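Structural overview
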Amino acid sequence: MARGLPSTASLGRFCQKLNRQKTLEETTRETSLQRHLTTLDLTLLGVGAMTGFGLYVFMGIVAKAMACPAVLVSLSVAAVASLLAALCYAEFRRLVPTTGSAYLFTYVSMGELWAFLIGWNMLLRRLIIGTAVARTWSGYLNAIFSHRIRSFIEAHVGIWQVPFLAPYPDFLAAGIILLVSTFVFCGVRVSSWLNRTVCAISLVVILFIIILGCVLARPHNWSTEEGGFAPFGFSGVMAGAATCFIAFVGFGAISASSEEAQNPKRAVPMALSISLGLVAGAYILVSTVLTLMVPWHSLDPDWALADAFYQRGYSWVGFMVAAGAICAMTTLLLSSLTSLPHIVSDMAADGLFFQVFAHVHPRTQVPMVGILVFRVIIAFLALLLDHEALVQFHSISSMLVYTFTAMNIIMPRFQKAPPSSAPGPVSPGGTERASAPEPRQLRPALRPYLSFLGGCRPGAAVAWALGVLVASAITLDCVLVFGDSALHLPLWGYTLLLLLSSVMFLLSLLVLGAHQQQRRQDTFQVPMVPLTPALSILLNIFLMLHLSSFTWLCFSIWLLIGLVVYFGYGIRHSKENQREQPEFTATRDSLEETVQPLQPPSQSVAQEPTLMDQPASP
């Protein structure tokens, strides 16, 4: 082998480093949490986490710049994608018997590099949430003061005409971030009663908007004279659906609180379905009356819900909506700024991020350096970035995380279940486990037709099928989205690629479905695997491809920065890497000790004094 080229063994060790996993013993923590949450509590928790952000932050953006009155179709598509992602996330959450975020679960199940990328994307999500919420807070406060604050800034600073930047520096949004982060630094938390109060306020506002909006509705606003129902066509509706996906990402709050549920196996899926259904129905009704009250092109996206009532002459209603929005945004901003430094602290504690961010104040339990650094970053982003660009950044990072989640529940289904430590009922004779089919084996009814897969080592066919499924899903979505426009394919090329990618997608589903799966009765499992996670992957990628090219460019730069951080710092300072060093040294010493007995006895005795007393000759 040429000097300087890495050997096969070193490449293998490098790949093992990227995929090393955190053990369950490290993540399992003793907890004193009581199982007191009912299905109603979890449902209200999910509704409260979903209503505030989606209702006030993105509704005006999608209704004016993307889907227009067809926003109700976008919301329906986004609700389906969110339900698939929520089901996958619920099972993903139950795979690892400990509390934590998607970063921790990925570290345990997939490996270190994937966990870092998920954590890095979660960091981006929290940055964008804080920034977008602050700008929305600023917009509704401006509405209460009749836009005097905005007019003052525009008169004394000016208006910018730069793409993807705000038309003027939003000093109010930056100021509210600095103010709220100061409370977070002092250890302020969002209590459960405050969350329920804000949730009740949001529900009252939604109900009020729907009732009064139906009275003020004008069907003429959907006519062709006002632009029609979907003036930007199918692509606009799908871009709106990709943006609307973020309206439902609050379902993670339900899975995160499942340890406190009285009956998590039944309560978690029910709370997910009910809360998603309630929120989706409320959003569809609100978006319908919003675009029927006033023409969609006259809405101000920064405060659309209040603006519609101001335009119709109901200023007192607009004031009430703006006040409710400010209450919801303040609570959401406080929650976002509380969770963001903890994500960074978890990564730093594992050695994947700079160690200075792991320090936690002993009294307030707040990562001080994380708060001080990221409050400045969020304030700077809120000062300059455009509202629509912020929402699209959040959408792409969220859908990528849940695409990884859907991929991550397929492989464990075809692995042997770990032995349960908890005592459970045993079938008569103890034959239940023995008679259960072993995962990763072909189903008996399909073995005659798929005998060529029988020669593969266990799990290889499943791994290859999953890789083909993801690759064919990406290809199929690219052909559907860009085949007619950006790629300029002829009809025969478009049809051929569409058929090939569809056939490969279906064949990979067939191969996965032909193998036995792990069945567990003690926890929630997604129905119809691998079809459900495969549809989630396909739909998430399809929606992501409808986002703007600038969003993809900025997101790629963010991922590139993350990879530089990981390969420049995290891979060397990882706790798993530090743990492997003593093990590697011990293994090497044991191998050297085994070489000595292999020499002839006489040779060994004769050379022993020489090796002890003088250096070995070359």
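Residues numbered from 1 in each chain as written. Predicted model: local features only at pLDDT ≥ 70, side-chain atom pairs only at ≥ 80, totals over all residues. Heavy atoms only, no water.

1. Observations regarding the packing of aromatic side chains
Under the definition given, this model contains 21 aromatic pairs. Consider the rings of tryptophan 222 and phenylalanine 229, whose centres lie 5.2 Å apart with planes at 65°: the pair is edge-to-face. Seen from their ring centres, phenylalanine 357 and phenylalanine 374 are 5.9 Å apart, and the 45° between their planes marks the pair as tilted. Here phenylalanine 357 is found in the loop between helix 14 (315-349) and helix 15 (368-384), whereas its partner phenylalanine 374 is found in helix 15, with 17 residues between them in sequence. With respect to burial, phenylalanine 357 and phenylalanine 374 carry one shared label: buried. (Phe/Tyr/Trp six-rings, centres within 6.5 Å; stacked < 30°, edge-to-face > 60°. Helix = DSSP H or I, 4+ residues; strand = E, 2+ residues; numbered from the N terminus. Buried < 20%, exposed > 50% of the residue type's maximum accessible area, 1.4 Å probe, protein only.)

2. Here we look at the confidence of the model for the protein chain
Summarising the model, the protein chain shows a mean pLDDT of 79, and 82% of its residues fall at 70 or more. Looking over the protein chain, one finds the lowest element-wise mean pLDDT in helix 24 (residues 601-613), namely 41, and the highest in helix 21 (residues 531-544), namely 94. For the stretch residues 29-33, pLDDT sits under 50, and the model shows five contacts to residues farther than four places along the chain or on other chains. Here residues 420-434 scores under 50 on pLDDT; set against residues more than four positions off or in separate chains, the count is one contact. (pLDDT = per-residue confidence, 0-100. Contact = heavy atoms within 4.5 Å.)

3. A closer look at a nonpolar patch on the surface
On the surface, Phe185, Leu372, Val373 and Ile377 cluster together to form a nonpolar patch covering roughly 280 Å² of accessible area. Here the nonpolar patch takes three residues from helix 15, the largest share from any one element. Structurally, isoleucine 377 is set in helix 15. (Patch = residues over 30% accessible without salt bridge, like charges linked within 9 Å, V, L, I, M, F, W, Y side chains within 5 Å. Areas by Shrake-Rupley, 256 points an atom, 1.4 Å probe, with all protein chains shown as cover. Salt bridge = Lys/Arg side-chain N within 4 Å of Asp/Glu carboxyl O.)

4. So, the packing of helix 19 (residues 460-482) against helix 20 (residues 491-513)
Relative orientation of the contacting elements helix 19 and helix 20 amounts to 150°, with a least axis distance of 8 Å. Looking at the two axes, helix 19 sits roughly antiparallel to helix 20. Two packed elements cross with a definite hand, and for helix 19 against helix 20 that hand is left-handed. Every residue of helix 20 that contacts helix 19 at Ala461, Val462, Ala465, Leu466, Val468, Leu469, Ser472, Ala473, Thr475, Leu476, Val479 and Leu480 is listed here: Tyr494, Leu497, Leu498, Ser501, Ser502, Met504, Phe505, Ser508, Leu509, Val511 and Leu512. Among the residues forming the contact of helix 19 with helix 20, the class breakdown is 18 nonpolar, five polar and no charged. (Axes fitted to C-alpha atoms, helices over the stretch in contact; angles between N-to-C directions. Parallel < 35°, antiparallel > 145°, perpendicular 65-115°, else oblique. Left-handed = near helix turned anticlockwise from the far one by under 90°. Nonpolar A, V, L, I, M, F, W, Y, C, P; charged D, E, K, R; others polar.)

5. Considering the nonpolar core
Side chains that are nonpolar tend, in soluble globular proteins, to be buried together. Counting residues in each nonpolar core, the largest one holds 177 residues, and the members touching the most others are Tyr56, Tyr140, Phe248, Tyr283, Leu305 and Leu543. With 19 residues, the top contributor of residues to this core is helix 6 (residues 112-144). For tyrosine 140, the contacting residues outside a window of four places in its chain are Tyr56, Asp302, Trp303, Ala304, Leu305, Ala306, Ala322, Ala325 and Ile326. (Core = buried A, V, L, I, M, F, W, Y, C linked by side-chain atoms within 4.5 Å.)

6. Some words on helix 20
Look at helix 20: 33 Å from first C-alpha to last across 23 residues, which is about the 33 Å you get at 1.5 Å a residue. Looking at the buried positions of helix 20, the neighbouring elements they touch are helix 17 (410-413), helix 19 and helix 21. (Expected span 1.5 Å × (residues − 1).)

7. Things to note about the environment of valine 356
Mapped onto the secondary structure, valine 356 falls in the loop between helix 14 and helix 15. Its relative accessible area of 47% is what places valine 356 among the partly exposed residues.

8. Quick look at the side chain of threonine 405
When you line up the elements, threonine 405 lands in helix 16 (residues 387-408). In this view, threonine 405 contacts Cys88, Tyr89 and Phe92; residues no more than four positions away in its chain are not counted.

9. Describing the pattern of salt bridges
Under the counting rule described, the total for this entry stands at five salt bridges. Ionic pairing is found between arginine 20 and glutamate 112, a salt bridge with its closest N-O pair at 3.0 Å. Of this pair, arginine 20 sits in the loop between helix 1 (8-18) and helix 2 (24-27) while glutamate 112 is found in helix 6, placing the two residues 92 residues apart along the sequence. Glutamate 112 gets classed as buried once you look at its relative accessible area, which sits at 0%. Close ionic contact of arginine 150 with glutamate 154 constitutes a salt bridge, the shortest N to O distance being 3.1 Å. Linking arginine 150 with glutamate 154, this pair stays in helix 7 (residues 148-156), spanning four residues, or about one helical turn. A single salt-bridge network, built from bridges that share partners, covers Arg150, Glu154 and Asp300.

10. Thoughts on the environment of alanine 460
Checked against the element boundaries, alanine 460 lands in helix 19. You can call alanine 460 buried: its relative accessible area is 13%. On a C-alpha basis, the gap between alanine 460 and arginine 440 in space is 9.0 Å, while along the polypeptide they are 20 residues apart.

11. With respect to helix 8 (residues 171-185)
With 15 residues, helix 8 should cover 21 Å at 1.5 Å per step; its first-to-last C-alpha distance of 21 Å lies within 8% of that length. Restricting attention to buried positions, one finds in helix 8 the residues Ala173, Ala174, Ile176, Ile177, Val180, Ser181 and Val184. Along the long axis of helix 8, the arc covered by the buried residues comes to 160°, so they all point the same way. Those residues of helix 8 that are buried lie in contact with helix 6, helix 14 and helix 15. (Arc of directions from axis to C-beta.)

12. Brief notes about unusual backbone geometry
Looking along the chain, the bond that leaves valine 529 and enters proline 530 is cis, with omega of 15°. In this fold, proline 530 is placed in the loop between helix 20 and helix 21. The residue histidine 147 is not glycine, and still its phi comes out positive at about 65°. Positionally, histidine 147 belongs in the loop between helix 6 and helix 7. Of note in the backbone geometry, methionine 528 takes a positive phi value of approximately 55° without being a glycine. Here methionine 528 lies in the loop between helix 20 and helix 21. What makes methionine 528 exposed here is its relative accessible area of 58%.

13. Some details on the packing of helix 6 against helix 14
Interhelical geometry of helix 6 versus helix 14 gives an angle of 155° and a closest axis separation of 8 Å. As far as their axial angle goes, helix 14 and helix 6 are roughly antiparallel. Here the hand of the crossing between helix 6 and helix 14 comes out left-handed. Looking at the contact of helix 6 with helix 14 residue by residue, the class counts come to 23 nonpolar, six polar and one charged.

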